[in-house]
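Here is what each chain is made of, one letter per residue.
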Amino acid sequence: MTDADSQRTRVVVLISGTGSNLQALINAQQAGELPIELVAVISNRPEAKGLKRAERAGIPTCVVDHTQFDGRESFDQALQRKIDAYQPDLIVLAGFMRILTEAFTRHYEGRMLNIHPSLLPKYQGLNTHERALQAGDEEHGVTIHFVTAELDGGPIALQARVPVLPDDDATSLAQRVLVQEHRIYPLAVKWFAEGRLRMVDGRVLLNSEPLGPSGYPIDTHTS
Ligand code: GAR
């Protein structure tokens, strides 16, 4: 291990599926844009496509299959043991589709981020794009937040907004949101790794300044 490696933020990424957000992190890390080491990718589903992405990038992978456990507590405990074996500084939930126990979220408080495809607090849970369309919303988007016991309810770090267009269906809207997901997750991880983004006493600080309830607004029209 070099000195540079030992200073890098150790990141474990949790996935359940495609892993396109994981890929965005891998790409940014490989481009030298992130001062992090991706130390492991863990999936609760053995068939998750994201596992192949990790393997191609030479990142250690493992599966903790939730169907092999008889409850949330025992699954979360096994997952926690796996995660902690990698001694991460940051845990990144990237399409990790599990409701987490309070003990698990408390253990990682202030060092676990989640991405959610809506402008939280709107549309916690599933089917966010359908619900935004059904509500007739004119804008939609993506949120990155610190994870607490409340599902999709922790303090917000960043949001990016996209317009809802007249011809949109859930697929086209999801695609527009995903483009922004792939921009803002690497940015959030970078800021965390640089020590600029933190959660203190339940509030998010960026550059030591408290952010408002919607977090830092990312401009989706530039850069
Ligand atoms: C992403 O859209 C992410 O925001 C969402 O799952 C998708 C995973 O895609 N996460 C949630 O809904 C969490 N509540 P990916 O596997 O291609 O990164």
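See the structure shown above.
Residues numbered from 1 in each chain as written. Predicted model: local features only at pLDDT ≥ 70, side-chain atom pairs only at ≥ 80, totals over all residues. Heavy atoms only, no water.

**Observations concerning the site of the ligand**
The environment of the ligand is formed by Thr18, Gly19, Ser20, Asn21, Gly95, Met97, Ile115, His116, Pro117, Asp152, Leu178 and Glu181. Side-chain polar atom of Ser20 to an oxygen atom of the ligand: 2.6 Å apart, as the coordinates give it. With respect to the ligand, the side chain of His116 contributes an N or O atom lying 3.1 Å from a nitrogen atom. Here the ligand loses 83% of its free accessible area of 450 Å² to cover by the protein chains. More than half of the atoms belonging to the ligand lie within 2 Å of the grid points that define the largest pocket. Mapped onto the shell around the ligand, the elements with two or more residues apiece are helix 2 (20-30), strand 5 (112-116) and helix 7 (170-193). Tallied by class, the residues present in the shell around the ligand amount to 4 nonpolar, 6 polar and 2 charged. (Near = heavy atom within 4 Å. Polar contact = N/O pair within 3.5 Å; in protein donor to acceptor, adjacent residues only side chain to side chain. Areas by Shrake-Rupley, 256 points an atom, 1.4 Å probe, with all protein chains shown as cover. 1 Å grid on protein atoms, 1.4 Å probe; cavity = no way out; pocket = protein on both sides within 12 Å on 5 of 7 lines; lining within 4 Å. Sits in = over half its atoms within 2 Å of the grid points. Helix = DSSP H or I, 4+ residues; strand = E, 2+ residues; numbered from the N terminus. Nonpolar A, V, L, I, M, F, W, Y, C, P; charged D, E, K, R; others polar.)

**Remarks on the packing of helix 2 against helix 7**
Look at helix 2 against helix 7: their axes get within 9 Å of each other, and the N-to-C directions meet at 50°. Put simply, helix 2 runs oblique to helix 7. Between helix 2 and helix 7 lies a crossing whose hand is right-handed. When helix 2 is examined against helix 7, the residues Ser20, Asn21, Ala24, Leu25 and Ala28 are found in contact with a partner set consisting of Leu178, Glu181, His182, Tyr185, Pro186 and Val189. Residue composition of the contact of helix 2 with helix 7, by class: 7 nonpolar, 3 polar and 1 charged. (Axes fitted to C-alpha atoms, helices over the stretch in contact; angles between N-to-C directions. Parallel < 35°, antiparallel > 145°, perpendicular 65-115°, else oblique. Left-handed = near helix turned anticlockwise from the far one by under 90°. Contact = heavy atoms within 4.5 Å.)

In short, the description is geometric, and any link to function would need to be established separately.
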